[in-house]
Amino acid sequence: MDNEKLIDLAAEAMENSYSPYSSFRVGAALLLKNGGVVTGCNIENSAYSPCICAERLAIFKAVSNSRKEFLKIAVVGGKNGEKADLCLPCGVCRQVMSEFCGGEFIILIRGQDGSVTEKSLQELFPLPFVFNK
Ligand SMILES: [Zn+2]
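Only a predicted model underlies this, so the values are computations on that prediction, with no experimental measurement involved. (Residues numbered from 1 in each chain as written. Predicted model: local features only at pLDDT ≥ 70, side-chain atom pairs only at ≥ 80, totals over all residues. Heavy atoms only, no water.)

### As for the sheet that holds strand 4 (residues 106–110)
So, point 1. Judged by pairing direction, the sheet is mixed, and its five strands sit side by side in the order 2-1-3-4-5 without closing on themselves. Looking along the sheet, the strands with just one partner apiece sit at the ends: strand 2 (37–41) and strand 5 (116–120). Here the strands of the sheet are splayed against their neighbours by 20 degrees on average, with no regard to which way each runs.
So, point 2. Inspection of the sheet shows strand 3 (residues 70–79) paired to strand 4 by four bridges, in the parallel sense. Bridge pairing in strand 4 places Ala 74 opposite Leu 108.
So, point 3. Contacts from helix 2 (residues 54–64) reach strand 1 (24–32), strand 2 and strand 3, with the element oriented near 140 degrees to strand 2. (Pairing = 2+ DSSP bridges. Helix = DSSP H or I, 4+ residues; strand = E, 2+ residues; numbered from the N terminus. Axes fitted to C-alpha atoms, helices over the stretch in contact; angles between N-to-C directions. Contact = heavy atoms within 4.5 Å.)

### With respect to the layout of surface pockets
So, point 1. Estimates place the volume of the largest pocket at around 220 Å³.
So, point 2. Considering the residues around the largest pocket, the lining is formed by 17 residues, among which Phe 24, Val 26, Asn 42, Cys 53 and Glu 55 are closest to the centre.
So, point 3. Residues belonging to the lining of the largest pocket are distributed by class as follows: 13 nonpolar, two polar and two charged. (1 Å grid on protein atoms, 1.4 Å probe; cavity = no way out; pocket = protein on both sides within 12 Å on 5 of 7 lines; lining within 4 Å. Points joined across faces, edges and corners; volume = space filled by probe spheres on them. Nonpolar A, V, L, I, M, F, W, Y, C, P; charged D, E, K, R; others polar.)

### Looking at the packing of helix 2 against helix 3 (residues 91–100)
So, point 1. Where helix 2 contacts helix 3, the two axes come as close as 9 Å, and the packing angle between them is 25 degrees. In terms of axis orientation, helix 2 runs roughly parallel to helix 3. Of the two possible hands of crossing, helix 2 and helix 3 adopt the one that is left-handed. Contacts between helix 2 and helix 3 involve Glu 55, Arg 56, Ile 59, Phe 60 and Val 63 on the former and, on the latter, Val 92, Cys 93, Val 96, Met 97 and Phe 100. (Parallel < 35°, antiparallel > 145°, perpendicular 65-115°, else oblique. Left-handed = near helix turned anticlockwise from the far one by under 90°.)

### What to know about the coordination of the zinc ion
So, point 1. On the protein side, the zinc ion has Cys 53 (SG), Cys 90 (SG) and Cys 93 (SG) as donor atoms, found 2.2 to 2.3 Å from it.
So, point 2. Here the donor residues for the zinc ion map to a single chain with the spacing C-x36-C-x2-C. Separated by 40 residues along the polypeptide, Cys 53 in the loop between strand 2 and helix 2 and Cys 93 in helix 3 bring together distant segments of the chain. (Donors = N, O, S within 2.8 Å, 3.2 Å for Na, K, Ca; no water.)

### With respect to the nonpolar core
So, point 1. Ranked by internal contacts, the top residues of the largest apolar core, which has 22 residues, are Leu 30, Phe 70, Ile 73, Met 97, Phe 105, Ile 107 and Leu 121.
So, point 2. Secondary structure elements with two or more residues in this core: strand 1, helix 2, strand 3, helix 3, strand 4 and helix 4 (121–124).
So, point 3. Those residues in contact with Leu 121, other than ones at most four positions away along the chain, are Arg 94, Met 97, Ser 98, Cys 101, Gly 102, Gly 103, Phe 105, Ile 107 and Pro 126.
So, point 4. Counting residues in hydrophobic clusters, the runner-up holds twelve residues, among them Leu 6, Leu 9, Ala 11 and Leu 31. (Core = buried A, V, L, I, M, F, W, Y, C linked by side-chain atoms within 4.5 Å. Buried < 20%, exposed > 50% of the residue type's maximum accessible area, 1.4 Å probe, protein only.)

### Considering the pattern of salt bridges
So, point 1. Inspection of every chain in the model, using the stated rule, returns one salt bridge.
So, point 2. Measuring nitrogen to oxygen at the nearest pair gives 3.4 Å for the salt bridge that ties Asp 8 to Arg 110. Of this pair, Asp 8 sits in helix 1 (residues 3–14) while Arg 110 is found in strand 4, placing the two residues 102 residues apart along the sequence.
So, point 3. For Arg 110, a relative accessible area of 12% translates into the label buried. (Salt bridge = Lys/Arg side-chain N within 4 Å of Asp/Glu carboxyl O.)

Listed below in structure tokens is the structure:
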């Protein structure tokens, strides 16, 4: 699947965002190694702490269906759904990505001008927390 198609799927997922408090709408599309795609959107809550980001929702949906091998994730978002430049995953999502993905995992972000920025997880989160068993 090409990057543009994955970005388009993230933008479609953003339409389902439930964000009445921040009005910051985000969609994500996670490309699995088997070629499948799992999408997510941010879902807010009046108590705030139960909120979840689009990226984590997509990853958790995949993991809950026994899918743990990922290639890349596209993220699209912005205030009132207007795509912001570099709507990057938050630190919590980067930590979750590091649980299931290596440093070569790719994050795609589409800016307001339509350009796509590609970052590796290694670039965005070089030193994740690791629990040594
Ligand atoms: Zn996040």
